[in-house]
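Listed below are the residues making up each chain.
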Amino acid sequence: MIFTLDYDSFLKWALIKEPTLKEKDPLIETPEGTIPTTYGISEYTYQQTTLAYEEALNRCASLKRYIRDYNYNNLVFNYALHISIVSSAFEIKKDENGDIWNEPTEALQKLYVQYGVYDSTAGIITSSSSGGSSASSSLPKSVTEGDLETSYLMSTPYGVQAEMYFEQMTGIII
């Protein structure tokens, strides 16, 4: 599959990956009549994905010369969708049992909750016990030597894909 590096191609790709981003009713009632929503997504999703796409392009620009076009486009698209989800933070409210009692209203916020970005851990569980409820984890090298951004990359499947490309760039002076 060959795709171009522009917002429309990114959005088309994102809607295939996450069909829940598309509004069920892509029409908006206005006093002037019925009009289609921008790209069939909510205004919030449009704003978040537009900003995230530009941010991903800017952050990845210096890597373009080191990656084939298809892989570069894939990196930017995955990274942009990851940024869209992570930056659409939703204030999670839990009851006394630890269950979420408030529901997000926007599609990106629902993905934020679905992927558990608010409480994700980037570690790999190496041991656990049942009696005393104990667990220990080991962090991947890229996380222990990385930063908060690297930790967030592990919170969505799109961030994990982007991190795989970033990991290949280790050692390249940019």
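This text goes with the structure placed above it.
Heads up: these notes are all about the structure in this document. (Residues numbered from 1 in each chain as written. Predicted model: local features only at pLDDT ≥ 70, side-chain atom pairs only at ≥ 80, totals over all residues. Heavy atoms only, no water.)

1. Notes on the environment of I67
Phase 1: By the secondary structure assignment, I67 is in the loop between α2 (43-60) and α3 (69-86).
Phase 2: On the basis of relative accessibility, which here comes to 11%, the residue I67 falls in the buried class.
Phase 3: Sequence-wise, I67 and Q168 are 101 residues apart; in three dimensions their C-alpha atoms are separated by 9.6 Å.
Phase 4: Excluding its chain neighbours within four sequence positions, the residues that come into contact with I67 are Y72, L75 and M169. (Helix = DSSP H or I, 4+ residues; strand = E, 2+ residues; numbered from the N terminus. Buried < 20%, exposed > 50% of the residue type's maximum accessible area, 1.4 Å probe, protein only. Contact = heavy atoms within 4.5 Å.)

2. Remarks on the environment of W101
Phase 1: Mapped onto the fold, W101 is located in the loop between α3 and α4 (107-114).
Phase 2: Under the relative-accessibility criterion, W101 is labelled exposed at 54%.
Phase 3: Beyond its immediate sequence surroundings of up to four residues, W101 is in contact with K93, K94 and D95.

3. A closer look at the side chain of E18
Phase 1: With respect to the helices and strands, the residue E18 is situated in the loop between α1 (7-17) and β1 (27-30).
Phase 2: The side chain of E18 sits in the buried core without any salt bridge; K17 is the nearest counter-charge, 8.8 Å away.
Phase 3: Engagement of the side chain of E18 in a polar contact is seen with the side chain of Y115, the distance being 2.4 Å.
Phase 4: Each residue touching E18, except ones within four places of it in the same chain, is listed here: L81, L111, Y115 and Y158. (Lys, Arg positive; Asp, Glu negative; His and termini not counted. Salt bridge = Lys/Arg side-chain N within 4 Å of Asp/Glu carboxyl O. Polar contact = N/O pair within 3.5 Å; in protein donor to acceptor, adjacent residues only side chain to side chain.)

4. Section: the packing of aromatic side chains
Phase 1: Evaluated as defined, the whole model comprises 10 aromatic pairs.
Phase 2: Here Y79 and F166 contribute two aromatic rings whose centre-to-centre distance is 5.1 Å and whose plane-to-plane angle is 85°, an arrangement assigned as edge-to-face. One end of the pair, Y79, is in helix α3; the other, F166, is in helix α7 (residues 157-168), and 87 residues separate them in sequence. Per residue, the accessibility class of Y79 equals that of F166, and both read buried.
Phase 3: Ring pairs connect the aromatic residues Y7, F10, W13, Y46, Y53, F77, Y115 and Y158, which therefore count as one cluster. (Phe/Tyr/Trp six-rings, centres within 6.5 Å; stacked < 30°, edge-to-face > 60°.)

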